[in-house]
Amino acid sequence: ATAGAGTHVITYSYTDGNSCVNTATEEITVHALPVVTLSFATSEYCIDEPQFALSGGSPTSPGTGVYSGTGVVGGTQFNANTATAGTHTITYTYTDGNGCINTATANIVVNALPVVTLDITTTEFCVDDAASTMDGNLPTGPGTGEFTGTGVSGNEFDPAVAGAGTHTITYTYTDGNGCVSSATDEMTVHALPVVTLDITTTEACVDDAQYALDGGLPGGGAYSGTGVSGGNFNPATAGAGTHVITYSYTDG
């Protein structure tokens, strides 16, 4: 270190008992340390990034270079999940052909995935219900979120488009670091009940007494129409003509 890099002549001088002096010389070569640098083209990653090969350390030959630090695998690869979220110092150690070693460092930042939840308020529909705006998605900023799934358009769910059944809705959120996470909820669309109406008596004289309507299935529904009151049909109230009677049934 004191001599510095270069070739240095070392002299050995000897004086014998007669005060006669002679010398011999030899050379010592001091090698400078290799100039080592480390610069990552990409220094930020999400924690779910697949393991990848490290690069950016220089020189790479004719000696040998190896990386070390939290998350480094086998001296050449980096595993963000192993490293965990945070800022990690990576060291590149290079040994040149003379056996001289030097190092350089750089940081890699591992970002955690955003915490995403989805708890939609209204999750049950009849197939003929109007489209509904979905909610319950967190976070909403400063990144970007998107709903996907059968029957989804933008942030609306259309039961008619989805069709009867249980549908998984996914909310995918990308935060400011470009890290992505998602959450799901389920929408249930019920088919309409199968309703039939086959009234036993479908012709009456205008002066006939009122009579109870029947033939509506499943039972428990309600009749409506001209001349209908409390499940009965009154020909006098309806008047002469053809009248449409409707049987409406609401299921569970």
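Now for a quick tour of the structure. (Residues numbered from 1 in each chain as written. Predicted model: local features only at pLDDT ≥ 70, side-chain atom pairs only at ≥ 80, totals over all residues. Heavy atoms only, no water.)

### Brief notes about the packing of aromatic side chains
Summed over the entire model, instances satisfying the criterion amount to 7 aromatic pairs. Aromatic side chains Tyr-67 and Tyr-92 sit 4.9 Å apart centroid to centroid with 45 degrees between the ring planes, which places their arrangement in the tilted category. Linking Tyr-67 in strand S7 (residues 64-68) with Tyr-92 in strand S10 (residues 86-95), this pair joins segments that are 25 residues apart in sequence. Here a set of aromatic residues connected by ring pairs shows up, and it is made of Tyr-45, Phe-52 and Phe-78. (Phe/Tyr/Trp six-rings, centres within 6.5 Å; stacked < 30°, edge-to-face > 60°. Helix = DSSP H or I, 4+ residues; strand = E, 2+ residues; numbered from the N terminus.)

### Section: the nonpolar core
Judged by nonpolar contacts, the single largest core of 19 residues is most densely connected at Leu-54, Phe-78, Ile-90 and Ile-108. Of all the elements in the fold, those that place two or more residues in this core are helix H1 (80-83), S10 and strand S11 (101-111). By residue number, the principal contributor to this core is S11, which donates 4 residues. Dropping the residues within four chain positions of it, Phe-78 is found in contact with Gln-51, Phe-52, Leu-54, Thr-70, Gly-71, Val-72, Ala-83, Ile-90, Ile-108 and Val-110. (Core = buried A, V, L, I, M, F, W, Y, C linked by side-chain atoms within 4.5 Å. Buried < 20%, exposed > 50% of the residue type's maximum accessible area, 1.4 Å probe, protein only. Contact = heavy atoms within 4.5 Å.)

### With respect to the sheet that holds strand S22 (residues 211-212)
Strand pairing in a sheet takes place through backbone hydrogen bonds and is either antiparallel or parallel in direction. Across the sheet, 3 strands lie side by side as S22-S26-S25; this open sheet has antiparallel pairing. Each edge of the open sheet is held by one strand with a lone partner, namely S22 and strand S25 (228-229). As paired elements, S25 and strand S26 (residues 232-233) share 2 bridges and run antiparallel to each other. By the bridge assignment for S26, Ser-229 is matched with Asn-232. (Pairing = 2+ DSSP bridges.)

### Notes on the sheet that holds strand S14 (residues 132-133)
Overall, antiparallel pairing links the 3 strands, which are arranged S14-S18-S17 in an open sheet. A single partner strand is all that each edge strand has here, and the edge strands are S14 and strand S17 (152-153). As paired strands, S14 and strand S18 (residues 156-157) are joined by 2 bridges and run antiparallel to one another. Bridging across to S18, Thr-133 finds its partner in Glu-156.

### What about the environment of Gly-71?
Here Gly-71 shows up in the loop between S7 and strand S8 (72-73). A relative accessible area of 8% places Gly-71 in the buried class. Excluding residues within four positions of it along the chain, Gly-71 makes contact with Gln-77, Phe-78, Asn-79 and Ala-83.

### Observations concerning unusual backbone geometry
Look at the link from Leu-138 to Pro-139: it is a cis peptide, with omega at -10 degrees. Cis rather than trans, the peptide bond between Gly-141 and Pro-142 has omega equal to 5 degrees. By the secondary structure assignment, Pro-142 is in the loop between strand S15 (137-138) and strand S16 (144-148). Unlike most non-glycine residues, Ser-19 shows phi in positive territory, near 65 degrees. You can see Ser-19 is positioned in the loop between strand S1 (6-15) and strand S2 (21-30). Of note in the backbone geometry, Thr-84 takes a positive phi value of approximately 75 degrees without being a glycine.

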